[in-house]
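Report on the structure
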Amino acid sequence: MINTLESLANEILLNILSNLTWFEMIESFWSINKRFNSLVCSIFSINYDRNKSGIIISETDLSLNKYQSILLSIISNSTLSISIQRIYIDGAKSVFFDLISKWIFQENLICFINLKSLILTRCYLSEILINNLSLLIQYQLDELILTIDEDSLEMFYYEYESGKNGCDQVKKLTIMCQGFIRQLFSSKCQLTSLRLNISQDNSLFQIHDCLSSSFSHTYSNQIDNQLVTNCMTLRRLHIHVIYGYFIEDIIEHVPALEILSVIIRDTLARQSLYPVTVKTFTPTIVNWYDKIPKLKCFTLKSNIFHDSEFVYLKWILNNVNYVEKLKLRLYINLTYQEDLMKRHCFIDANFINEYCMPDISRNLIIFNFYILFKCELLSDNNIQIIENSFKIHQFFIDHHWIKVKCFFDPIMSYQYISSTGMIKPKFFDSIKYYSNIFDWQHMKSLKVNLCPSIDLFLKQFDILFPHITSIQFNMRDEKFVHGPEYSMFLQSSLDVLQWKLTNIHLQYITRLVFGSHFCRGSEYKYKSIDHNTVRAEILAYLISMPIQLIYLRIEHFEWLLHIVQYASNKLRKNALNSVRYAEFCLPSCHKGSNESTRIGKNLVSFLGNYTPYLQTLRIWRPDDFPWTSIRPEFQSKWRRQNLTDKWLKSLTTSQSITEHVSIFEYDLSQLIQQLKQFTFLDIYGQIDHQKIEPYRSMIQRRFPNSRVHIQIRRFCLWF
């Protein structure tokens, strides 16, 4: 085999290697000979595909030991380590960044001396992470992409609520986090490109206020005052925030900025804008040219729910009226607007010229916009009038911006209007949600209602939606369970059966989601056997359709058990064998009926039989982390609540904690024994503080080569 590969030209070998994952490439080709070593180094040093290049640590692929073995082999080889220019850490395993960081850093020495790009998405904040990032942005990186994880913010909140020690730790991390954000826009940062997502910020961290001149002296006095200077190297900034006012503070510190892209999660206008009238709104800066004179491209994506936000939008656009390229992505919903004229209007050339453009455009060459406007029904005649309005408006004629397209979505009741054209998708009654048709070619997922016409939708799916890899089926709005609608759905399922739905093979779908209520409090409500049977048959058919199903999220574990109980003959053989990631909610082991508390005992046997190659499991629990219940069976229905209350009071005793540690150890041991390729367990639940250390000690004793992260509301174990 090696001799055959040796005969191939370097260009062909580079093509082959670039289609392998980084660890496959190192395991298979590194150390064969000098030529292959050189080719592997070339792949790491040249960005063939920015989505694949460099080291990628995601949440479902390798075990802890595998990662450590491969990374240490890279670090120990100077030729290979100096070739690494990009590292990407994504997903739930980022809670173990302290461990990964130890592999990358050794006594504050960066092992990858040519590392220029670092991407951390859904990142869990920690002291070691902030310290390492602070060094990297000051001395080495050109590009940083950072998304602060919502889970980490939630954990800090509960640590804060837990008492003095937790409160002190949160305050310390708050100051460190604020200091790091300030450093990003200071002279202690050499980045040229920054993508920062702080859209999950909350009041504890106050990230959105840490650059403000009115920032609390309590915090600012504890942060290095040198960090309020300017970052003279930053040229590209893409930022995702909650409120628009944060941008006003940022532009004070980035004079070299050339590209500014802003996504605003909640509201465009500043918080202080709402309680006052439009007349009292006073801009803080006359023109941004004085602050960021090199700005060439400005992109804004935001929601507009109130008339006053158009005033703020206009002010922003007038501040960037010197740019050459302007992009707007707006979602406008004035449903509750008092001004009936705006509520019942539509977007045309006059509207855009008045509200969505600067008054004077000095250098504007490219104006790119797409707007979604919640509106009433638009007729074909209305659409024609809207498109023609650009062809007769003098400003748009002068700039040759007349090829504007408009479309009305009857399902979502949106007017879509775009300067760049659009692809009109095929709509079905069952489609519930999709991002928007402007992104249609780039969309990866759809939300779909289960309804009697679902078979018509699925018959044509591969032809009409080849770019879609994920479908989420809405399961909570089950209107078909009563009366005539139930009969319609039942008849539809029989029609689907007669049409031989099993002949549908979804070629591109790798991810299925059933339901949307994934949370600790999710509880399955008992339905009739007929209802459970119908749903189980439909789920069996749908799960059988993808040729290779990798990700499976199903709201309740009971639904999987119902498939086995009521519809096993409808489930394609080995349909779940390819699943590598599974996620669902499990009922409480402490509260509820005897039957519901015992559901968890079926977990490991089901996974072992149906998903033997599972690598990652995420479970949502209302309470404790073990899924096998040790609660006694309460036979008397009328006394169950009193007996349950008494049982709950006993859970904090030393005996109860010991018993739960023992059963949790049993659960984990069985899971690892049944699933040979399993690498990561992620449980969202809630426990008492007294159980944290006993659980941690058990893991360290029973699984010494693993890594555990445990708090009162989350348990993560990396094998």
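Since this is a predicted model, take the numbers as computed values, not measurements.

**Things to note about unusual backbone geometry**
The residue S31 is not glycine, and still its phi comes out positive at about 80°. In this structure, N574 takes a positive phi of about 65° despite not being glycine. Looking at the secondary structure, you find N574 in the loop between α22 (557-566) and β20 (581-585).

**Section: the nonpolar core**
Membership of the largest hydrophobic core comes to 124 residues, with the highest contact counts inside it found for W22, L144, F298 and I352. Apart from the residues within four sequence positions on either side, W22 is in contact with F44, G54, I55, I56, Y67, I70, L71 and I74.

**Some remarks on the packing of helix α2 (residues 10-18) against helix α4 (residues 34-45)**
The contact between α2 and α4 brings their axes to 10 Å, and the two run at 60°. When the axes of α2 and α4 are compared, the pair comes out oblique. Helix-helix and strand crossings are classified by hand; for α2 and α4 the assignment is right-handed. Of the residues in α4, those touching α2 at N10, L13, L14, L17 and S18 are R35, F36, L39, V40, S42 and I43. Here the contact of α2 with α4 is composed, by residue class, of 7 nonpolar, 3 polar and 1 charged.

**Quick look at the confidence of the model for the protein chain**
Per-residue confidence for the protein chain averages 81 on the pLDDT scale, and 78% of its residues sit at or above 70. This model gives residues 216-220 a pLDDT under 50, and the stretch forms 6 contacts once residues within four places in sequence are excluded. Here residues 477-484 is a poorly scored stretch, pLDDT under 50, and it has 10 contacts once near neighbours within four places are set aside; other chains count.

**As for the pattern of salt bridges**
Evaluation of the coordinates by the stated rule reveals 14 salt bridges. D359 is paired through a salt bridge with K314; the nearest N and O atoms lie 3.2 Å apart. Here K314 lies in helix α13 (residues 308-319) and D359 lies in the loop between α15 (349-355) and β12 (366-374), a separation of 45 residues in the sequence. For R696, the salt bridge is made with E693, and the minimal N-O distance between the two is 3.2 Å. You can see R696 and its partner E693 sitting in helix α27 (residues 692-702), 3 residues apart, about one turn around the helix. Through salt bridges with shared partners, a single network forms among R618, D682 and R714.

**Here's the deal with the sheet that holds strand β9 (residues 259-267)**
Reading across the sheet, the 12 strands line up as β1-β2-β5-β6-β7-β8-β9-β10-β11-β12-β14-β13 and stay open at both edges, with mixed pairing between neighbours. Where the open sheet ends on each side, the last strands, each with one partner, are β1 (55-57) and β13 (405-409). With direction set aside, neighbouring strand axes in the sheet form an average angle of 5°. Bridge count for strand β11 (residues 325-332) against β12 is 8 bridges, and the pairing is parallel. Looking across to β12, one finds that Y331 is bridged to L372.

The rules behind the values
Residues numbered from 1 in each chain as written. Predicted model: local features only at pLDDT ≥ 70, side-chain atom pairs only at ≥ 80, totals over all residues. Heavy atoms only, no water. Helix = DSSP H or I, 4+ residues; strand = E, 2+ residues; numbered from the N terminus. Core = buried A, V, L, I, M, F, W, Y, C linked by side-chain atoms within 4.5 Å. Buried < 20%, exposed > 50% of the residue type's maximum accessible area, 1.4 Å probe, protein only. Contact = heavy atoms within 4.5 Å. Axes fitted to C-alpha atoms, helices over the stretch in contact; angles between N-to-C directions. Parallel < 35°, antiparallel > 145°, perpendicular 65-115°, else oblique. Left-handed = near helix turned anticlockwise from the far one by under 90°. Nonpolar A, V, L, I, M, F, W, Y, C, P; charged D, E, K, R; others polar. pLDDT = per-residue confidence, 0-100. Salt bridge = Lys/Arg side-chain N within 4 Å of Asp/Glu carboxyl O. Pairing = 2+ DSSP bridges.

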